[in-house]
Protein chains: 2
Amino acid sequence: MTDSPSGADTYPRTPRTTGSRARDRMSYDRASVHAVLDDGYLCHLAFVRDGAPVVLPTLYARVGDRLYVHGSTGSRPLREAGREDGGMPVCVTVTHLDGLVLAKSAFHHSVNYRSVVVHGLAHQVTDHQERLMALDAIVDNAIPGRAADSRRADPKELAATAVVRVGLEEVSVKSRAGGPNDEPEDLGLPYWSGVLPVSPVYGTPIPADDLAPGTPVPGYLTAR
Amino acid sequence: MTDSPSGADTYPRTPRTTGSRARDRMSYDRASVHAVLDDGYLCHLAFVRDGAPVVLPTLYARVGDRLYVHGSTGSRPLREAGREDGGMPVCVTVTHLDGLVLAKSAFHHSVNYRSVVVHGLAHQVTDHQERLMALDAIVDNAIPGRAADSRRADPKELAATAVVRVGLEEVSVKSRAGGPNDEPEDLGLPYWSGVLPVSPVYGTPIPADDLAPGTPVPGYLTAR
């Protein structure tokens, strides 16, 4: 179950991964953190620029105890990660929304979700093999099986691509599941209460305009 | 179409809302920004703590040229927004993922999305009427019609709830749609190319364990 150098089953709890409230919804269990990360491919990456926060959506992949993101070498945050010798402080958050929770009272409305928050330093990946591995992982994390079923990046494309690594060291997972937690005195109110589930659903693949007619849709798409 | 004091149809472009690349995907059109914001209810809110970025998921609502988020008065970021006289610098990002774009080459893989990034200062809302309005708006933004069909917050609940406002002043929308942009020399490769659409889908409402049998499911849920 563990693939960390330390072999620990949990990530250490630190001041900034200890919530100020709802601590019962938080966990540092490595398997739980990895499960939430592996169930997604879109993260929100935050960094600080001129003293102010910036948060942008981007794709990612987890490999062991590392997260990888990529982008153009022309993108500012990725350039900045490369400039800082010690790494650029970042926060990476992955959120899955599972349901809207409707309580009798407006106050107890909530959402069911699973969310991982990673605090760490972003480092440019310069090792050629690690870069190739990370780029494959990012494609395969969104579309399992696709990396081997596409043309790999050529040297010019690789030179235009920045790959950034964030170690999973200071990490927590927070989640909520189940129905509303209403006040006992509200239960007689006439309003419906419960959960409206929500999940991402994939539609029918749309062929590119320039795709040769008759090209079969790969199994990794039809299975979705 | 405009409800801003200035009546402008676009938000001003500033250094930090001007992308370093892919500028053709960016817009400052107010109607486009509002459409993306109004199509969602989950944002990622970033702030700076001890010099490092933090990004957390939370619910929001747009009312005119203001975004509102809420939380427990015990939550750190909301407390901190209240402590800063001039407001706490934040970045709020809302992202809708619309599809996975599969190109012949790994390099040209992409995603179709719509994303709004708001830079600004978060201020605690202290006016009683504005607080009530914002809380209703947050519930109704996630579940239209629900605020009036639930028990409103009582004074004790209101005292435990922090409401924070961020003005829409420095805002941009970025989006991508359509099929892959492959290199002409790749078009003969045998790989399938196109778009796998993705969207959030709502399931059958699940009644709370303590809901009185026979309570009808409201129309605003069955319509979803």
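Residues numbered from 1 in each chain as written. Chains lettered and ligands numbered in written order. Predicted model: local features only at pLDDT ≥ 70, side-chain atom pairs only at ≥ 80, totals over all residues. Heavy atoms only, no water.

Considerations on the interface of chain B and chain A
Where the parts come together, the accessible area they lose is often given as the size of the interface.
Consideration 1: Across the contact, 86 residues belong to chain B and 86 residues belong to chain A.
Consideration 2: When chain B packs against chain A, the two sides together hide about 7100 Å² of surface, and 68% of this comes from carbon and sulfur.
Consideration 3: It is P53(B), R151(B) and W192(B) that lose the most area in chain B upon contact with chain A, and together they represent 11% of the buried surface on that side.
Consideration 4: We note a salt bridge from R151(A) to D186(B), for which the minimum N-O separation is 2.7 Å.
Consideration 5: At the junction of chain B with chain A, the criterion picks out 25 residue pairs in polar contact (both at pLDDT 80 or more).
Consideration 6: Counting residues per element, the ones that place at least two in the side of chain B that touches chain A are β2 (42-49), β3 (52-63), β5 (88-102), β6 (110-124), α3 (128-142), β9 (194-202), β10 (206-207) and α5 (219-222) of chain B.
Consideration 7: When residues in the side of chain B that touches chain A are grouped by element, the largest group, 9 residues, is from β9(B).
Consideration 8: Where strand β9 (residues 194-202) of chain A and β10(B) come together, 2 bridges link them in antiparallel fashion. Bridge pairing in β10(B) links G194(A) to P207(B). (Contact = heavy atoms within 4.5 Å. Buried area = accessible area lost by both parts, 1.4 Å probe. Salt bridge = Lys/Arg side-chain N within 4 Å of Asp/Glu carboxyl O. Polar contact = N/O pair within 3.5 Å; in protein donor to acceptor, adjacent residues only side chain to side chain. Helix = DSSP H or I, 4+ residues; strand = E, 2+ residues; numbered from the N terminus. Pairing = 2+ DSSP bridges.)

Examining the environment of E157(A)
Consideration 1: Structurally, E157(A) can be placed in helix α4 (residues 155-159).
Consideration 2: As for E157(A) and T58(A), which are separated by 99 residues in sequence, their C-alpha atoms are 19 Å apart.
Consideration 3: Leave out the neighbours within four places in its chain, and E157(A) touches R151(A), R152(A), S105(B) and F107(B).

A closer look at helix α1 (residues 30-38) of chain A
Residues spaced three or four apart along an α-helix point in a common direction, a consequence of the helix completing one turn every 3.6 residues.
Residues and elements named next belong to chain A.
Consideration 1: Within α1, burial applies to R30, V33, H34, V36 and L37. Angularly, the buried residues of α1 cover 160 degrees about the axis, an arc narrow enough to put them on a single face.
Consideration 2: Contact partners of the buried residues in α1: β3 (52-63), β4 (66-72), β5 (88-102), β6 (110-124) and β8 (170-176). (Buried < 20%, exposed > 50% of the residue type's maximum accessible area, 1.4 Å probe, protein only. Arc of directions from axis to C-beta.)

Description of the packing of aromatic side chains
Consideration 1: Per the counting criterion, the structure on display carries 0 aromatic pairs over all chains.
Consideration 2: Sitting over the face of the ring of Y202(A), R224(A) holds its NZ or CZ atom 4.3 Å from the ring centroid. (Phe/Tyr/Trp six-rings, centres within 6.5 Å; stacked < 30°, edge-to-face > 60°. Lys NZ or Arg CZ within 6 Å of the ring centre and 35° of its normal.)

Examining the environment of P200(A)
Residue and element names in this part refer to chain A.
Consideration 1: Tracing the backbone through its elements, the reader meets P200 in strand β9.
Consideration 2: A relative accessible area of 53% places P200 in the exposed class.
Consideration 3: In this structure the C-alpha to C-alpha distance between P200 and T73, which are 127 residues apart in sequence, comes to 31 Å.

Observations regarding the state of the cysteines
Residues and elements named next belong to chain A.
Consideration 1: For the coordinates displayed, the defined rule picks out 0 disulfides over all chains.
Consideration 2: C91 supplies the cysteine sulfur nearest to C43, a cysteine that is in no disulfide, at a spacing of 10 Å.
Consideration 3: Judged by its relative accessible area of 0%, C43 is buried.
Consideration 4: Relative accessible area serves as the criterion here: at 0%, C91 is assigned to the buried category. (Disulfide = S-S within 2.5 Å.)

Notes on α3(B)
Consideration 1: Here α3(B) contains 15 residues, and its C-alpha end-to-end distance of 22 Å stays within 8% of the 21 Å for a straight helix at 1.5 Å per residue.
Consideration 2: If you check which residues of α3(B) are buried, you get E130(B), R131(B), A134(B), L135(B), D136(B), A137(B), I138(B), V139(B), N141(B) and A142(B).
Consideration 3: Looking at the buried positions of α3(B), the neighbouring elements they touch are β5 of chain A together with α1 (30-38), β3, β4 (66-72), α4 (155-159) and β7 (161-167) of chain B.
Consideration 4: Where α3(B) begins, one side-chain oxygen reaches toward the backbone nitrogen of Q129(B), 3.2 Å away; that side chain belongs to D127(B). (Expected span 1.5 Å × (residues − 1).)

Here we look at the relation of the copies chain B and chain A
Consideration 1: Once chain B has been moved 0.0 Å along the axis and rotated by 180 degrees, it coincides with chain A to within an RMSD of 0.0 Å. The superposition operator between the copies reduces to a two-fold rotation axis. By C-alpha distance to the rotation axis, the residue of chain B lying nearest is P200(B), at 2.1 Å.
Consideration 2: A symmetric contact is evident, with 100% of the interface residues of chain B recurring at the interface of chain A. (Least-squares fit on C-alpha atoms with pLDDT ≥ 70 in both.)

Regarding the pairing of β8(A)
Residue and element names in this part refer to chain A.
Consideration 1: Extensive coverage of β8 is indicated by the burial of 5 of its 7 residues.
Consideration 2: Sheet topology note: the β6/β8 ladder contains 7 bridges and is antiparallel. In the strand pairing of β8, V116 is matched with V173.

Details of unusual backbone geometry
Residues and elements named next belong to chain A.
Consideration 1: Of note, the phi angle at D50 is positive, near 55 degrees, even though the residue is not glycine.
Consideration 2: When you line up the elements, D50 lands in the loop between β2 (42-49) and β3.
Consideration 3: D50 sits in the exposed class, given a relative accessible area of 78%.

Remarks on the pattern of salt bridges
Consideration 1: Here the structure, examined in full by the defined rule, presents 24 salt bridges over all chains.
Consideration 2: As a salt-bridge pair, R146(A) and D149(A) come within 3.9 Å of each other at their nearest N and O atoms.
Consideration 3: Residue D136(B) is joined to R152(B) by a salt bridge in which the shortest nitrogen-to-oxygen separation is 2.4 Å. Here the residue D136(B) occupies a position in helix α3, and R152(B) occupies one in the loop between α3 and α4, the gap between them amounting to 16 residues.
Consideration 4: By relative accessible area, R152(B) is classed as partly exposed at 49%.

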